[in-house]
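# A look at the structure
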Amino acid sequence: MKEAQAGGAGIIVYNRKEGRALGEVTKFLVYNARKRQEGGDTAATYFERTECVAGVQDARFQQLMPDVLHWLGVTRIDRFMSMSNMKFDALDKAGIEIGERVAIPDELIPPDASVEMEAKKAAGYFAPKGAASADELKKVAGRDLEKY
């Protein structure tokens, strides 16, 4: 919206694939397992726990995602509002040029969501400041289960 208000033009494309396409029930099972595991919910074990419960880290097939953009005639995205390396790679391989990648500002990430965000940055998500080290990931922890 800000781009259009500034005299530009654009579209918003929302890809509905919540919870890494694992389904809502599996997503809640994963959240529950993360909170209840020994050592609590940490960025260092984020994907491991998902794999234990769901069998995969992510079930999305991003290679098909650019098809709708090709259908709409999109050849360039000036501001890509996703930190996902998988989405970016799919667009890049499909020949859609990305001008600027925009990360979620740190101040908009709730403290308990830092577990997920830091794990994803370490796995390759776009992070202007870089990803945390393996030792730093062990220190990023969510609230204890009893604090809910």
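If you're wondering where the values come from, they're calculated on a predicted model, not measured in any experiment.

## What about the packing of aromatic side chains?
Tallying each qualifying case throughout the model produces 2 aromatic pairs. Measuring from ring centre to ring centre gives 6.3 Å for phenylalanine 28 and tyrosine 31, while their planes differ by 80°; the resulting arrangement is edge-to-face. Placement of the pair is phenylalanine 28 and tyrosine 31 together in helix H2 (residues 24-36), with a separation of 3 residues, close to one helical turn. Positioned over the ring face of phenylalanine 28 is lysine 27, at 6.0 Å from the centre of the ring. The ring of phenylalanine 88 has arginine 101 lying over it, and the distance from NZ or CZ to the ring centre is 4.1 Å.

## Quick word on the pattern of salt bridges
Taken as a whole and assessed by the stated rule, the structure comprises 11 salt bridges. In the salt-bridge network here, residues are joined through shared partners; they are Asp106, Glu118, Lys121 and Lys129.

## Description of the nonpolar core
If you look at the biggest cluster of nonpolar residues, it comprises 10 residues: Met65, Leu69, Val74, Ile77, Phe80, Phe88, Ala90, Leu91, Ile96 and Ile98. Elements represented by at least two residues in this core include exactly strand E1 (76-80) and helix H5 (85-93). In this structure phenylalanine 80 touches Lys87, Phe88, Leu91, Ile98, Glu100, Arg101 and Val102, once residues within four positions along its chain are discounted. Ranked by size, the runner-up nonpolar core spans 8 residues in total, among them Ala43, Phe47, Val115 and Val140.

## Some words on the environment of leucine 22
Within the secondary structure layout, leucine 22 lies in the loop between helix H1 (2-5) and H2. Taking relative accessible area as the criterion, leucine 22 reaches 17% and is therefore assigned buried. Spatially, the C-alpha atoms of leucine 22 and alanine 54 are 7.2 Å apart, while their sequence positions differ by 32 residues. If near-sequence neighbours (up to four positions away) are discounted, leucine 22 is found in contact with Thr50, Ala54, Val56, Gln57 and Ala59.

## Looking at the pairing of strand E2 (residues 97-101)
Both E1 and E2 contribute to a ladder of 4 bridges, which runs parallel. The residue of E2 that forms the bridge with arginine 79 is glutamate 100. You can see the chain leave E1, run along H5 and come back into E2, and the turn it takes is right-handed.

What counts, and at which threshold
Think of each chain on its own: its residues are numbered from 1, step by step along the sequence as written. Under the rules for a predicted model, residues below a pLDDT of 70 receive no local features and side-chain atom pairs below 80 are neither given nor counted, while totals for whole chains, interfaces and linings still include all residues. Each side-chain value is derived from all of the structure's non-hydrogen atoms; neither hydrogens nor water enter the calculation. Planes of paired rings set the category: under 30 degrees apart is stacked, over 60 is edge-to-face and the rest tilted, where pairs are Phe, Tyr or Trp rings (Trp by its six-membered ring) whose centres lie within 6.5 Å. Strands are runs of DSSP state E lasting at least 2 residues, helices are runs of H or I lasting at least 4, and numbering of each runs from the N terminus. In this scheme, the term charge over a ring applies when either NZ of a lysine or CZ of an arginine sits within 6 Å of the ring centre and within 35 degrees of the ring normal. Here, a salt bridge means any side-chain nitrogen of Lys or Arg that lies within 4 Å of a carboxyl oxygen of Asp or Glu. Grouping buried Ala, Val, Leu, Ile, Met, Phe, Trp, Tyr and Cys residues that are joined through side-chain atoms within 4.5 Å yields what is termed a nonpolar core. Exposed residues in this analysis have more than 50% of their type's maximum accessible area, buried residues have under 20%, and partly exposed residues fall in between, with area computed by a 1.4 Å probe over protein chains only. Any pair of residues with heavy atoms lying within 4.5 Å of one another is described as a contacting pair. Following DSSP output, two strands are said to pair if at least two bridges run between them. Viewed with both strands pointing away, a crossover whose connecting path from the first strand over the helix to the second turns clockwise is right-handed.

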